[in-house]
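Given next are the chains, with one letter for each unit.
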Amino acid sequence: MDFIREYYFDFSLMGDNFGAVLDGFWVTIKLSVISGVLALSWGLVLAVLRQLPGKPLAPVRWLTIGYIDVFRGIPLLLVLFLVSGFLSAAQAEDVIPETIGLPTWFGETSPFWYGVISLTLTYGAYMAEVYRAGIEAVPGGQTEAARSLGMSHGQAMRYIIVPQAVRKVVPPLLNDFIALMKDTSLVSVIGALEVVQAGFDIQTAEFNGSGLVLGALFFLAVTIPLARVVDWLISREQAKTQRGGPKPPAGEAKPAGPPATGMAGA
Amino acid sequence: MEETGATAAPAEPAAGPMLQLENVCKRFGDLEVLRGVSVDVNRGEVVCVIGPSGSGKSTLLRCVNLLEPPEEGRILLEGKEITGKEAVEGINFVRRRVGMVFQQFNLFPHKSALENVCIAQEKVLDRSGAEARQKAEALLARVGMADKIGEYPDRLSGGQQQRVAIARALAMDPRVMLFDEVTSALDPELVKEVLDVMRELVDEGMTMIVVTHEMGFAREVARRVVFMDEGLVVEEGPPAEVLGNPQQERTKRFLGLVLEH
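Conventions we followed
- Residues numbered from 1 in each chain as written.
- Chains lettered and ligands numbered in written order.
- Predicted model: local features only at pLDDT ≥ 70, side-chain atom pairs only at ≥ 80, totals over all residues.
- Heavy atoms only, no water.
- Helix = DSSP H or I, 4+ residues; strand = E, 2+ residues; numbered from the N terminus.
- Buried < 20%, exposed > 50% of the residue type's maximum accessible area, 1.4 Å probe, protein only.
- Contact = heavy atoms within 4.5 Å.
- Salt bridge = Lys/Arg side-chain N within 4 Å of Asp/Glu carboxyl O.
- Expected span 1.5 Å × (residues − 1).
- Arc of directions from axis to C-beta.
- Pairing = 2+ DSSP bridges.
- Axes fitted to C-alpha atoms, helices over the stretch in contact; angles between N-to-C directions.
- Patch = residues over 30% accessible without salt bridge, like charges linked within 9 Å, V, L, I, M, F, W, Y side chains within 5 Å.
- Areas by Shrake-Rupley, 256 points an atom, 1.4 Å probe, with all protein chains shown as cover.
- Core = buried A, V, L, I, M, F, W, Y, C linked by side-chain atoms within 4.5 Å.
- Right-handed = clockwise from strand over helix to strand, strands pointing away.
- pLDDT = per-residue confidence, 0-100.

A. Local environment of the overall build of chain A. The helix and strand inventory of chain A stands at 10 helices and 0 strands. Starting at the N terminus and ending at the C terminus, chain A contains elements arranged as α-α-α-α-α-α-α-α-α-α. Looking at the 266 residues of chain A, the share that counts as buried comes to 43%. For chain A, the share of sequence-separated contacts (at least 6 apart) that also reach a separation of at least 24 residues comes to 74%.

B. Local environment of the pattern of salt bridges. Tallying each qualifying case throughout the model produces 28 salt bridges over all chains. With a closest N to O distance of 2.7 Å, Glu108 of chain A and Lys30 of chain A form a salt bridge. Note that Glu108 of chain A is positioned in the loop between helix H5 (98-101) and helix H6 (110-137) and Lys30 of chain A in helix H2 (residues 11-50), a separation of 78 residues in sequence. For the pair Glu108 of chain A and Lys30 of chain A, one class covers both residues: buried. Ionic pairing is found between Glu220 of chain B and Arg199 of chain B, a salt bridge with its closest N-O pair at 2.5 Å. One end of the pair, Glu220 of chain B, is in helix H7 (residues 215-221); the other, Arg199 of chain B, is in helix H6 (residues 188-203), with 21 residues separating them in the sequence. Owing to a relative accessible area of 47%, Glu220 of chain B belongs among the partly exposed residues under this scheme. What you see here is one network of salt bridges that share partners, running through Arg50, Arg72, Glu129, Arg132 and Glu136 of chain A.

C. Seen up close, helix H4 (residues 76-92) of chain A. Residue and element names in this part refer to chain A. In a regular helix each residue adds 1.5 Å, so 17 residues correspond to 24 Å; H4 covers 24 Å between its end C-alpha atoms and thus fits that length. Listed in full, the buried residues belonging to H4 are Leu76, Val79, Leu80, Val83, Ser84, Leu87, Ala90 and Gln91. Across the axial projection of H4, the buried residues extend over an arc of 145°, all falling on one side. Turned more than 90 degrees off the buried face of H4, the exposed positions are Leu82, Phe86 and Ala92. On the buried face of H4, the contacting elements are helix H3 (58-73), H5, H6 and helix H8 (153-183). Where H4 terminates, the next one or two residues include Asp94, which has phi positive at roughly 65°.

D. Looking closely at the sheet that holds strand E8 (residues 207-211) of chain B. All names here are of chain B. If you trace the 6 strands from one edge of the open sheet to the other, you get E6-E7-E8-E3-E9-E10, paired in mixed fashion. The sheet terminates laterally at strand E6 (98-101) and strand E10 (232-237), the two strands that pair on one side only. The mean inter-strand angle of the sheet, taken between neighbouring strand axes irrespective of direction, is 20°. As judged from the 5 bridges shared by strand E9 (residues 224-229) and E10, these two strands associate in the antiparallel manner. By the bridge assignment for E10, Val226 is matched with Glu236. In this fold helix H5 (residues 158-170) packs onto E6 and strand E7 (176-180), with an angle of close to 170° to the strand it touches most, E6. This element, H6, spans strand E3 (46-50), E7 and E8 of the sheet and lies at about 145° to E8.

E. Representation of a nonpolar patch on the surface in the model. All names here are of chain A. Together, Met1, Ile4, Tyr8, Phe9 and Phe11 make up a nonpolar patch on the protein surface, roughly 600 Å² of accessible area in all. Its location among the elements puts Ile4 in helix H1 (residues 2-8). Among the residues examined, Ile4 registers a relative accessible area of 44% and is labelled partly exposed.

F. Here's a closer look at the side chain of Ser35 of chain A. Among the structural elements, Ser35 of chain A can be located in helix H2. In contact with Ser35 of chain A, other than residues within four places in its own chain, are Gly115, Val116, Leu119, Thr120 and Leu180 of chain A.

G. Fine view of the nonpolar core. Grouped together as the largest cluster of nonpolar side chains are 81 residues, with contacts concentrated most on Leu19, Leu77 and Leu178 of chain B. The greatest single-element share of this core, amounting to 12 residues, is contributed by H6 of chain A. The contacts of Leu178 of chain B, once residues within four sequence positions are left out, are Leu61, Val64, Asn65, Val98, Gly99, Met100, Val101 and Ile209 of chain B. Listed in part, the 53 residues of the second largest apolar core include Phe105, Met145, Met206 and Leu255 of chain B.

H. Inspection of the pairing of E8 of chain B at higher detail. Residues and elements named next belong to chain B. Most of E8 is tucked away, with 5 of its 5 residues classed as buried. Where E3 lies against E8, 4 bridges are found, and the strand directions are parallel. Its bridge partner being in E8, Val46 is matched across the sheet by Met208. As paired strands, E7 and E8 are joined by 5 bridges and run parallel to one another. Each residue of the ladder has a partner; that of Leu178, found in E8, is Ile209. Assessed by its sense of winding, the connection that carries the chain from E7 through H6 to E8 is right-handed.

I. Geometry of the confidence of the model for chain A. All names here are of chain A. Here chain A shows a mean pLDDT of 87. Residues at 70 or above account for 90%. Here H5 stands out as the element of chain A with the lowest mean pLDDT, 81, in contrast to H3, whose mean of 96 is the highest. In this model residues 243-266 is a low-confidence stretch, pLDDT under 50, and it forms 41 contacts with partners more than four residues away in sequence or in other chains.

Structure below.
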């Protein structure tokens, strides 16, 4: 038992390496937030492209569906290898300029940016499907009302449909964000020194997993509160949609903001 | 309303029917919903369309504002063809002249009553925020919703929502208003407040096509009543004739069933 305790919970080792693991976690956070924001945006673009109306735009829809199918269907690790390999090779062959092939934007390393690109490509596809579910959950009468008022398809999407859809899908998007955050550890494989790599380096040097456990604690410090936020959002959503059901507990006044779901009066 | 419509549709063209439907056909797959419907609607005229469920009444309205473009036949709005290959005017011409109110209200739930009435004015007619707001406040006051302009649809009764929806359509300065069973989803005690708003519109001379099950309302306000069944116009004429002394067997049977209870 002592060995287990020492292997995983050597607090003096954690203390000695706290700075290194924290530095790694800071990289993880940056990777997660930058990729997360980009994937949220890219996913919305894909979802909207997928909903474009009319026959002439059918090729755009097909391309979008194809993209989503491909990137949802292959492992992130594979994408990471393909992206990093391609960009560095193309740069070496002078096909693309160095600033793109070996990016060091904002002082971050090239593996960092390869990771951001790969995570965005992959999670954009996941999130596009989440947005799509949200868009399809907005009642058809909303589009009809917007169109009957003279709005174009684009205006109806922008002002009426997408704002309602996004409100509906915040919890699943947050879930995807949690998954993305954990998947940033894969970027270590192409050379990013994020928190898992930092912990693994300690384990390799010291034959002790406490650095990795410390990294796990950092993860949990972020992911558990996020999971609770998701739960809270979902229960708030249910309280709103189940009208006539039990009222929210006293003191938890209904926010004056717009309703998140449901067609009025339906 | 016309005087505030600075950015509304251009001046009235020459006289003639506001709306002409000629042999309009619409099918969904194998289902023929409209099988050749011809109706004219004159300026300022109120036409009530009645008939059993599935008779094509709602589809007819949706064809008029091109939510469901008809497959055959022609529709002319202000004398200009808006359907088929010969269409001289497009969807924007139609939707800026034709307002529609739906059975399920279809208010935008993420916007307040005021924003519901403003959004299309600003985005479609390019009215300024202040101009749109002024118009919206006036219209909401007109439908008796002046004290609720900041409320979200969720907090409004069905009748209140429907009145906001009518204000929203009127804000676009339509020449024709289409009402698609606008009281069918309402609790009985809320029907009157919506019908009262519609009566006011009738008095102001708005051209209206009203799909309704409210026979009393049809008898009172309609210049003409059109009875539809199975995608065809079975009988049409003044309400006293169609409702009071129907000639066709199907009309008699329908009215018998509706008026019995």
